[in-house]
Structures are given as C-alpha cells and as structure tokens.
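# Tertiary structure, described
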Amino acid sequence: MNDTKVDFTNMPDERGHFGQFGGRFVSETLFYALDELQSMYNRLKKDPAFQAEIDHDLTHYVGRPSPLYLAERWTEKTGGARLFLKREDLNHTGAHKVNNTIGQALLAKYSGKKRVIAETGAGQHGVATATVAARLGLECVVYMGSEDVKRQSLNVYRMKLLGATVIPVESGSKTLKDAMNEAMRDWVTNVDDTFYIIGTAAGPHPYPQLVRDFQCIIGREARSQCLEQTGRLPDALVACVGGGSNAIGLFHPFLDDASVAMYGVEAGGLGLDTGQHAAPLSAGIPGVLHGNRTYLMEDENGQIIDTHSVSAGLDYPGVGPEHSWLKDLGRVNYVAITDDDAMAAFRSLTKVEGIMPALESAHAVAYAEKLAAKMDRDDIVIVNLSGRGDKDILTVAKLDGIEV
Amino acid sequence: MNRITETIQALKQQKRKALITYIVNGDPTPEITLAAMHALVSAGTDILEIGVPFSDPMAEGPVIQRGHERALAHGTSLRSTLALVKAFRETDKATPIVLMGYANPVERMGYGEFAQSAAEAGVDGLLTVDLPPEEAEDLHRCLRERELESIFLLAPTSSEERVKRVAELAGGFIYYVSLKGVTGASHLDISSVREKLSVISRYSQLPVMVGFGIKDGLSAQAVGTYADGVVVGSALVEIMGSGHSQTQILEGLSNKVASIRTALDQNSK
Ligand SMILES: Cc1ncc(COP(=O)(O)O)c(C=O)c1O
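Residues numbered from 1 in each chain as written. Chains lettered and ligands numbered in written order. Predicted model: local features only at pLDDT ≥ 70, side-chain atom pairs only at ≥ 80, totals over all residues. Heavy atoms only, no water.

Glancing now at the overall build of chain A. A tally of regular secondary structure across chain A gives 16 helices and 14 strands. Relative to a compact globule of 404 residues, whose C-alpha radius of gyration would be 22 Å, chain A shows 19 Å and is just as compact. Each principal axis of the C-alpha distribution contributes one length, and for chain A these read about 55 × 50 × 50 Å. A buried classification covers 64% of the 404 residues belonging to chain A. Per element, the accessible surface of chain A, about 14100 Å² overall, is 50% carbon and sulfur. (Helix = DSSP H or I, 4+ residues; strand = E, 2+ residues; numbered from the N terminus. Rg over C-alpha atoms; globule rule 2.2 N^0.38 Å. Buried < 20%, exposed > 50% of the residue type's maximum accessible area, 1.4 Å probe, protein only. Areas by Shrake-Rupley, 256 points an atom, 1.4 Å probe, with all protein chains shown as cover.)

Here you go:
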C-alpha cells in the first residue's frame, strides 16, 4: 500500500464513485428513483429515530449481536492462529442478508411504497426479503434464475410460504445476474410504487453504500467483541465475496486499523486456469454492469461470460465497486478457493465444530484454514460465517450420490 | 454537417416526420442484417438504429432480449457491427446510422478506438442506454473529436434539471422514452408524452424522437402529431425472430415499415 493516507470513511463521493469504480450506469428512467432513494437515505441516516428502529429490529427480531466464537477444536486441528467465527449463521433466516433487508425494508416503509422486489441467487436474500416483507405487510416479488430455482428448491419453497411470488428468470445464463437484469426491468416499469431491495453491495449508487452501511454491524460487533475477548485487534479477517456484502460489512469498520490484514475469498470454481469460476477480482478486468463500474468477468468483446461455482450465492460475474477500489489500493487481498476445497471445508467444519457453514461461507473457512496454518499460535483470525448450510444439504447430498 | 442533422433538416423542409427503425445486428443470423438495412431504407426509413447485442440488455423487453440472444449465438460483436456499417456504406452513403447498445462493449474496445473505427466505418451517432450524461463525459469527448453525435435518452421521470443536463451534451436528436418500462411495452400515454415534449423543447433546440411502445401506424401517427419523429423497434425485431425464411422476413419488414411510413406522412397533410 502506498503512504498517502486514504480516508476510507468518506467513500463514495457524492456521485457514488470509489475512485474509478461505482457510479450510476442505468437507463434514464431510474435516475429519479435513485435520486429519491439517496436523499431519503441521507436524511434518515442522521435521524436517531430511524437508527433506533433498526437497532430495535436487529436486537429483537434478528437476534443480534451474533456471537464471536473461538473455534477451539478447529484451531487445534489447524495448528496455527486462533480461529474465531463471526456467527452470522445464527441470525434469523440463517445468514447475514437479513441485516440489509431489515434496513432497506424500513426505507421502503418510510418511502410509502407498498411493493418490494428483489433478486436472489442462493435464495438467502430472497428469503430475507420475503421475511421482512411478511412482517411489514408488503407485497413481495423475487426474481431468481431458473437454474438457481432448481439448485435451491428449499429456499424457493420457503419464500412461497412467506407469501412471496418467486419468478424464475429464463433469459441469459439463468442465474443471479439475469435475475438482477429482470428485477431492474420490473423496477423501471413499476418505479412509482415499487422499492427495489438489492441484496449485495453492488448496483447503482446509492446501493453499494447503503448495503455496506447496513452490513457494517458485522464488523462493528466483531471489533468490540474481539477487543473484549482477547484484549486486542485481530491480525486477519477472512470473508467470502459474491457481490461482497458480508465481506464489506466485516472489513469496513477495520479499514483504518493498519495492522489488520484482510482477505476476500472468491469462488474459484473448477480452478482459475479453467475459466470455470466466479472470481472477477482475481481474474477479471474493470467494466460496466448492473449500474456500476467494477471488476467483471467478460470476453474480449465485452460480453459478460457465464460463471461457475458450486455455491449459487457466489455465482456472479461482478462484484461490489468498493471491493474493486480496495483491491487496486492494495488494502484487501483477494484470493480464490475451488469448489473442491470449499466442499472439504464444509465437511470438516461440520464434523469438528458441529457448525454447518453455507457453501458460500465454506470458501472463507477453507482459505482461513490455509492462512491460519502459516501463522503464529498467538495470532487471531476472524472468519465471517455468513450463513448456515441447511439450504445446501440437497446440493451436498447430490454430490454424495444420495437421494434425500 | 453530420448525416443525422442533414436528414432531419430535409424532412423539416418537407414538413415530414422522421421514421427511425431499429433492428439488432446479427439477428437472427449475421447474413440477413445488411439486406434488412437496405430493405428498411427502401420502405421509408429515414434513420437506421442498429442494436449492438449485449449479454445483459437491462432496458429491453422480452422481444428485443431474444433478438440480442439470437445475435450473440452467432458471435455478433461491436467489431462485426462496425464492419456491417462499412459494408452498408458501399452502396448507401446518405442514410444516417445510430448504434444503440450498452456501455461495456464500447468500454472494452476503448473509447478512442471505438470513435475512430466508428467514424471510419460511417457511423453517425451512438446511444448507450446505460451511460447517462454524468458518466458519459470521456466518451462524449472522443465522439466529438470524430464528429459523432451522442444520443441521449430522456424519460417521463426526468426532472427539469436532468433535461437541462442532457441538452448540454446531446447531439443529433433527443430520444424520448415514451413510458416507464422496457422496450416493447404497450402502455403508451399520448397526453403525457405531449406535456413532456414541451418541457424538453424549452431546454433544447434538438429534434425529439419518441420511442418505446410504438408498434404500428396508429401509434406512430398519434405520437408523430407532437414529436419530430418516432422510433420503431420491437415490432420489427418480432418479425426478425419469426423463424420465417429470409425472403419472408424482408418482405414482412418492408410491409410493416411502409404502413407506418404512410400513417406517419398523414401528419404532414
Ligand atoms: C450465506 C451467504 N454468504 C455469502 C453470500 C454472498 O453474498 P455477499 O458477497 O453479498 O455477501 C450469499 C449470497 O447469497 C449467502 O447466501
């Protein structure tokens, strides 16, 4: 990292840029809605009543704070740094996604819009949106690639039970990116009465900022829990990166702590050299998709290419713009973990700690194990356990050749 | 003078409205597009808008999305689209051509290289759906250097301030999106179009073309009463995707465009 002091807390700028990344690359119709959202958010952000409402919901509905748990048996087995898990899997609905949907649904409520829409990959964000919509009595429509509808059938059914309409998207690669396209099209059409709850720290400004702000509860808690339990800051943070919301939520409150190293773990799929992966920060180049400039997976003609990951939640060709900026600054290291390594970590954490991670989170677990093994026994590594693995049981059973 | 301005001025003198037609390069196959462009012109098109296919066409409805997918299945690209324009210019040096697409293929080629190649091929303007004026300044500068026009969209939701900003960078014409929605939608509201056009004319001298939701002579004529011209897209892409033979497709295109032309020319009487 270079020596000039970067102010991490002051980003993005007022037009939504993180250096060359971010911004607002959307069709004209949506500008008005984005302006409206931004000014409402800027106002409510400073409103103690709004913050109190979020805090109340996070405590009594989501069940925060989530524990910071020292995984002793896993640490012993790894034989290196002390491994702590930030237990976002224990949140209501089973993942970090709900931290964001609580916040955005409150924004929807304040905006007076009665209909919310969302895109989802693994289905966790769809479930988290359907959940808060049920609680607030809002109509909820969730777009999901038809491939993901098959891979994540349990979550599809959960959303339906919660009263949401799930619309399978048949265009393009039929995964998360296409679900996002379709949600944008819905929003353009129904912009007057619809609030779009984006599920990750990507999309046009102000979404990357507001999703980050809502997810920062993860890092703020982890920071004070770590100080309380160990008397000092961690040496490293590890989180998986799909669109990047759980990672930026953990990282952001530590960015000014120069001694804390950070690792964002992308989906390496079948291996970076095979091209069959979802790791734009490790193997992509900057471009424009879904309303922002960021690292992307694309071909030489600028077409977005199909991604591959065993975990639906990481199967996305882009990434939130703040991560692209942090990569170029060198503040965060971005690495990749293959399907096979993630599967092995899924099994091993389940056996050693009795904690079944989501396949997304298993990527972070796998990298943390490699990292910690090379570190001192006094060192501290915090791993974001972004979600629980129940939703993935059918996928794992299928890989094992078992009919459940 | 740029071909776009030249064409529109000539139409004004004849008191006629402009007819802009949109098809996607390479849809359904690369072989048909050149012939289709000539057929569109013969049937009464004033300005050709050629869609550059993109993997994630966020602003398109299902009809044009499928057009993009058909074109990409044959490897159609921005480069092959520039080659297409060059081929078209061998026999038609007058009809203006606007490329319409998304930012990423242009970013990938590089703004400078795009502007140079496009000007050499005979392109007249570029409309990038997801590149609003705020983000378009660098590209705009490159286009200006090669005397290419930046075409921008305005929408029913555009504030007066945004109308003003677009008016500062826009060239050739302004493309007014007639409705809140994606291409091919059908809830066109003529009276709201009329109101917005009068707001736009307060800030810009440029002609305003109205698109999205215009699919036949009737809707074209209604919009043409207030606008300087109309853009027809989905109705033509539907014909391109009909699965019929090349001859039938070209005939279908010609008939459709001729009927819209006839209806639109009623406005000049
Ligand atoms: C449990 C879990 N972790 C991580 C992700 C990836 O998203 P993000 O990178 O925004 O945290 C998902 C997405 O569905 C998820 O369900």
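With that settled, the discussion passes to the domain arrangement of chain A. Residues and elements named next belong to chain A. The domain boundaries assigned to chain A delineate domain 1 (8-58 + 97-211) and domain 2 (63-95 + 216-399). A straight line from the C-alpha centre of domain 1 to that of domain 2 covers 22 Å. The interface is formed by 44 residues belonging to domain 1 together with 51 residues belonging to domain 2. Summed over both sides, the interface between domain 1 and domain 2 buries roughly 3700 Å², with carbon and sulfur atoms accounting for 61% of that surface. Considering only the side of domain 1, the residues that lose the most area to domain 2 are Phe-8, Phe-21 and Phe-25, jointly responsible for 21% of the buried surface there. Counting across the domain 1 and domain 2 interface gives 1 salt bridge. Asp-315 serves as the salt-bridge partner of Arg-151, at 2.9 Å between the closest nitrogen and oxygen. Taken together, the connections running from domain 1 to domain 2 amount to 16 residue pairs in polar contact (both at pLDDT 80 or more). The set of elements that each furnish at least two residues to the side of domain 1 that touches domain 2 consists of β2 (21-25), α4 (97-111), α5 (124-136), α6 (146-151), α7 (153-161), α8 (176-189) and α9 (207-215). Across the side of domain 1 that touches domain 2, the residue classes break down as 20 nonpolar, 18 polar and 6 charged. (Domains from an automatic or database assignment. Contact = heavy atoms within 4.5 Å. Buried area = accessible area lost by both parts, 1.4 Å probe. Salt bridge = Lys/Arg side-chain N within 4 Å of Asp/Glu carboxyl O. Polar contact = N/O pair within 3.5 Å; in protein donor to acceptor, adjacent residues only side chain to side chain. Nonpolar A, V, L, I, M, F, W, Y, C, P; charged D, E, K, R; others polar.)

Next up on the list: the confidence of the model for chain B. With 99% of its residues at a pLDDT of 70 or more, chain B shows a mean pLDDT of 95. On the interface metric, ipTM, the complex scores 0.95, and its pTM is 0.96. (pLDDT = per-residue confidence, 0-100.)

Right, let's get into the site of the ligand. Residues and elements named next belong to chain A. The ligand sits among 18 residues. The nearest are Thr-200, Gly-242, Gly-244, Ser-245 and Ser-386. Backbone polar atom of Gly-244 to an oxygen atom of the ligand: 2.7 Å apart, as the coordinates give it. Taking Ser-386, its side chain carries an N or O atom lying 2.7 Å from a nitrogen atom of the ligand. Within the complex, 97% of the 390 Å² of free accessible area of the ligand lies under protein. For the shell around the ligand, the residue count by class is 5 nonpolar, 11 polar and 2 charged. (Near = heavy atom within 4 Å.)

As a further point, take the environment of Asp13(A). Residues and elements named next belong to chain A. The topology assignment puts Asp-13 in the segment before β1 (17-18). Asp-13 sits in the partly exposed class, given a relative accessible area of 33%. The spacing of Asp-13 and Asn-301 is 288 residues in sequence and 30 Å in space, taken between C-alpha atoms. At 2.9 Å, the side chain of Asp-13 and the backbone nitrogen of Arg-15 are in polar contact. Among the polar contacts made by the side chain of Asp-13, one reaches the main-chain amide nitrogen of His-17 at a distance of 2.9 Å.

All names here are of chain A. Per the counting criterion, the structure on display carries 43 salt bridges over all chains. With its nearest N and O atoms 3.4 Å apart, the salt bridge here joins Lys-150 to Glu-147. Placement of both Lys-150 and Glu-147 in helix α6 is noted, with a separation of 3 residues, approximately one turn of the helix. Under the relative-accessibility criterion, Glu-147 is labelled partly exposed at 33%.

Moving on, we get to the sheet that holds strand β5 (residues 149-150) of chain B. Residue and element names in this part refer to chain B. Reading across the sheet, the 9 strands line up as β5-β4-β3-β2-β1-β9-β8-β7-β6 and stay open at both edges, with parallel pairing between neighbours. Where the open sheet ends on each side, the last strands, each with one partner, are β5 and β6 (152-154). Running at roughly 150° to strand β7 (residues 174-177), helix α9 (residues 190-203) makes contact with β6, β7 and β8 (208-211) of the sheet. (Pairing = 2+ DSSP bridges. Axes fitted to C-alpha atoms, helices over the stretch in contact; angles between N-to-C directions.)

Moving on, we get to the side chain of Gln303(A). Mapped onto the fold, Gln303(A) is located in the loop between β12 (291-296) and α13 (321-329). Gln303(A) gets classed as buried once you look at its relative accessible area, which sits at 7%. A polar side-chain atom of Gln303(A) sits 2.8 Å from the main-chain amide nitrogen of Ser55(B). The residues touching Gln303(A), leaving out its near neighbours within four places in the chain, are Met297(A), Glu298(A), Pro53(B), Phe54(B), Ser55(B), Leu72(B), Thr76(B) and Pro105(B).

Moving on: the side chain of Asn2(B). Residues and elements named next belong to chain B. Positionally, Asn-2 belongs in the segment before α1 (3-13). On the basis of relative accessible area, Asn-2 is assigned to the buried category, the value being 13%. Of note is the side chain of Asn-2, whose polar atom sits 2.7 Å from the backbone nitrogen of Ile-4. Ignoring any residue separated from it by four or fewer positions in sequence, one finds Asn-2 in contact with Asp-124, Glu-147 and Glu-149.

On to the nonpolar core, then. Of all hydrophobic cores here, the largest spans 118 residues; its most connected members are Leu107(A), Trp187(A), Tyr196(A), Leu250(A), Ile382(A), Phe173(B) and Tyr175(B). Each residue touching Trp187(A), except ones within four places of it in the same chain, is listed here: Leu30(A), Ala33(A), Leu34(A), Ile117(A), Thr194(A), Phe195(A), Tyr196(A) and Tyr207(A). Judged by nonpolar contacts, the second largest core, of 64 residues, contains Leu19(B), Tyr111(B), Phe114(B) and Ile174(B). (Core = buried A, V, L, I, M, F, W, Y, C linked by side-chain atoms within 4.5 Å.)

All names here are of chain A. Inspection of every chain in the model, using the stated rule, returns 11 aromatic pairs over all chains. Ring centres of Phe-18 and Trp-325 lie 6.3 Å apart, and the angle between their planes is 45°; on these two criteria the pair is classed as tilted. Placement of the pair is Phe-18 in strand β1 and Trp-325 in helix α13, with a sequence separation of 307 residues. Seen in terms of ring centroids, Trp-187 and Tyr-196 are 5.8 Å apart; in terms of plane orientation they differ by 65°. Their pairing is edge-to-face. Accessibility expressed as a relative area gives 3% for Trp-187, which makes it buried. By relative accessible area, which is 0% here, Tyr-196 ends up buried. (Phe/Tyr/Trp six-rings, centres within 6.5 Å; stacked < 30°, edge-to-face > 60°.)

Across the boundary between the two partners, chain A contributes 37 residues, which contact 34 residues of chain B. Interface area for chain A against chain B, summed over the two sides, is near 3000 Å², with a carbon-plus-sulfur share of 49%. For chain A, the biggest contributors to the area lost against chain B are Glu28(A), Arg185(A) and Gln303(A); these three give 23% of the whole. In this structure, Arg108(B) and Glu298(A) form a salt bridge, with 3.0 Å as the shortest nitrogen-oxygen distance. Here chain A is connected to chain B by 23 residue pairs in polar contact (both at pLDDT 80 or more). When residues of the side of chain A that touches chain B are traced back to their parent elements, those giving at least two are β2, α1 (31-45), α8, β11 (285-289) and β12 of chain A. The element best represented in the side of chain A that touches chain B is α8(A), accounting for 8 residues. Taken together, the residues of the side of chain A that touches chain B break down into 12 nonpolar, 13 polar and 12 charged.

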